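# Observations on chain architecture
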Amino acid sequence: ERKVVGLIPARIGSQRVKAKNLRLIAGKPMMAYAIEALKKARSFDDIYVNSESNIVGEVAREYGVKFYQRPEHLATSASMIDDYIYDFIWHIDCDVLAVINPTSPFITAKEIDGCINQFLNSDCDTQLACEDVRTHCFLDTKPINFTTNGQHPRSQDLEPVKALNFAVTTWAAKAFKKQYEERGHAVYTGKIGFYAFEGLSNIDVDWEEDFLLAEVIM
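Values in this document were obtained by computation on a predicted structure and should not be read as measured data.

## Observations regarding the overall build of the protein chain
The helix and strand tally for the protein chain stands at six helices and 12 strands. Taking the principal axes of its C-alpha atoms as reference, the protein chain extends roughly 60 × 45 × 35 Å. Between the mean site of the 24 positive side-chain charges and the mean site of the 31 negative ones, the protein chain shows a separation of 2 Å.

## What about the environment of A98?
By the element assignment, A98 lies in strand β6 (residues 96-100). Take A98: its relative accessible area is 0%, and that puts it in the buried class. C-alpha of A98 to C-alpha of S77: the two residues are 21 residues apart in sequence and 22 Å apart in space. Discounting chain neighbours no more than four positions away, the residues touching A98 are V5, G6, L7, F44, I116, V168, T169 and T170.

## With respect to helix α4 (residues 109-120)
With 12 residues, α4 should reach 16 Å at 1.5 Å per residue; the first-to-last C-alpha distance of 16 Å fits that figure. Those residues of α4 that are buried lie in contact with β1 (4-9), α1 (30-40), β6, β7 (126-133), β11 (168-172) and β12 (192-196).

## Describing helix α6 (residues 208-217)
Helical periodicity: at 3.6 residues per turn, an α-helix aligns residues three or four positions apart in one direction. Every buried residue of α6 is listed here: D210, F211 and A214. The arc enclosing the buried residues of α6, seen along the axis, measures out at 100°, which places them on a common side. For α6, the exposed residues lying more than 90 degrees away from the buried face are E209, L212 and V216.

## Some details on the packing of aromatic side chains
Applying the stated rule across the entire model yields seven aromatic pairs. Taking the centre distance of 5.2 Å and the plane angle of 85° together, the rings of Y68 and F88 count as edge-to-face. In this pair, Y68 is assigned in strand β5 (residues 66-69) and F88 in helix α3 (residues 81-91), connecting sequence segments 20 residues apart. Assessed through its relative accessible area of 12%, Y68 is described here as buried. Note on F88: relative accessible area 0%, which makes it buried. With 5.1 Å between their ring centres and 70° between their planes, Y195 and F197 make a pair best called edge-to-face. Each member of the pair Y195 and F197 is classed as buried. Here the aromatic residues Y48, Y68 and F88 are joined through ring pairs into a cluster of three or more. Against the face of F211 rests R23, its NZ or CZ located 4.4 Å from the ring centre. The ring centre of Y84 lies 4.0 Å from the NZ or CZ of R70, which sits over that ring.

## Remarks on a nonpolar patch on the surface
A cluster of nonpolar residues, L164, F166, Y188, I192 and F194, forms a patch on the protein surface that exposes about 420 Å² of accessible area. Relative to the elements of secondary structure, L164 occurs in strand β10 (residues 161-164). L164 gets classed as partly exposed once you look at its relative accessible area, which sits at 33%.

## Concerning the packing of α3 against helix α5 (residues 173-183)
It is the contact of α3 with α5, at a shortest axis distance of 10 Å, that shows an interaxial angle of 120°. Accordingly, the angle class assigned to the pair α3 and α5 is oblique. Crossing hand, α3 versus α5: left-handed. Each of D82, D83, I85, Y86, I89 and W90 in α3 lies in contact with α5, whose residues at this interface are A173, F176, K177, Y180 and E181.

## Some thoughts on the nonpolar core
Nonpolar side chains tend to gather and get buried jointly when the protein is soluble and globular. Judged by nonpolar contacts, the single largest core of 35 residues is most densely connected at F44, V49, I100, I112, V168 and F197. Listed by contribution, the elements that provide at least two residues to this core are β1, α1, β4 (46-51), α2 (54-62), β6, α4 and β11. When residues in this core are grouped by element, the largest group, six residues, is from α1. For F44, the contacting residues outside a window of four places in its chain are V4, V5, G6, L38, A98, I100, I112 and I116. Listed in part, the 20 residues of the second largest apolar core include Y68, I89, V99 and V187.

Each value, and the rule that gives it
- Residues numbered from 1 in each chain as written.
- Predicted model: local features only at pLDDT ≥ 70, side-chain atom pairs only at ≥ 80, totals over all residues.
- Heavy atoms only, no water.
- Helix = DSSP H or I, 4+ residues; strand = E, 2+ residues; numbered from the N terminus.
- Lys, Arg positive; Asp, Glu negative; His and termini not counted.
- Charge placed at Lys NZ, Arg CZ, Asp CG, Glu CD.
- Buried < 20%, exposed > 50% of the residue type's maximum accessible area, 1.4 Å probe, protein only.
- Contact = heavy atoms within 4.5 Å.
- Expected span 1.5 Å × (residues − 1).
- Arc of directions from axis to C-beta.
- Phe/Tyr/Trp six-rings, centres within 6.5 Å; stacked < 30°, edge-to-face > 60°.
- Lys NZ or Arg CZ within 6 Å of the ring centre and 35° of its normal.
- Patch = residues over 30% accessible without salt bridge, like charges linked within 9 Å, V, L, I, M, F, W, Y side chains within 5 Å.
- Areas by Shrake-Rupley, 256 points an atom, 1.4 Å probe, with all protein chains shown as cover.
- Salt bridge = Lys/Arg side-chain N within 4 Å of Asp/Glu carboxyl O.
- Axes fitted to C-alpha atoms, helices over the stretch in contact; angles between N-to-C directions.
- Parallel < 35°, antiparallel > 145°, perpendicular 65-115°, else oblique.
- Left-handed = near helix turned anticlockwise from the far one by under 90°.
- Core = buried A, V, L, I, M, F, W, Y, C linked by side-chain atoms within 4.5 Å.

Here you go:
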């Protein structure tokens, strides 16, 4: 049986909103919502919060999950996700690693379990979280999910564009490690699959106005 580890990355530094992962929404640190959803989910053998900050570590322990302190050089605004994930996989044994975005406070345990279950029953090395956006999309001036030759198609008939939201990104740890060691990057490792989240789970709280909206919804 494969060992499945859930990981919440929660850097203390943030250029957009200061210490956003600790910012209170309805009286709780934002990252606490992701922790609680992970603890209610049935998919995990272990749950960690990953940060350079001891304060974040205290919050993690307070909410009953483990803390992995990443090196300072992997916690700057220039740090790449590939690097700190590789560092974590190198030190913590797992077969499947699911990284849950702490800025997705409305994600549910049911959806997390659905996401992990789909990955475990697939042959994917990487599974990306997305929102299926059914609207008419252009890249530069070219339509990408419909044609302008003919009548305007109904939005419900369109092939959805998969907009990544990184609510839960899942990897086969061994494949990630191998590609990182060979190429120096591994977020998009091997065979890639997608899991579409719905409704409020797609909300990503990154900007000041997002916090105001989240407070109202909560």
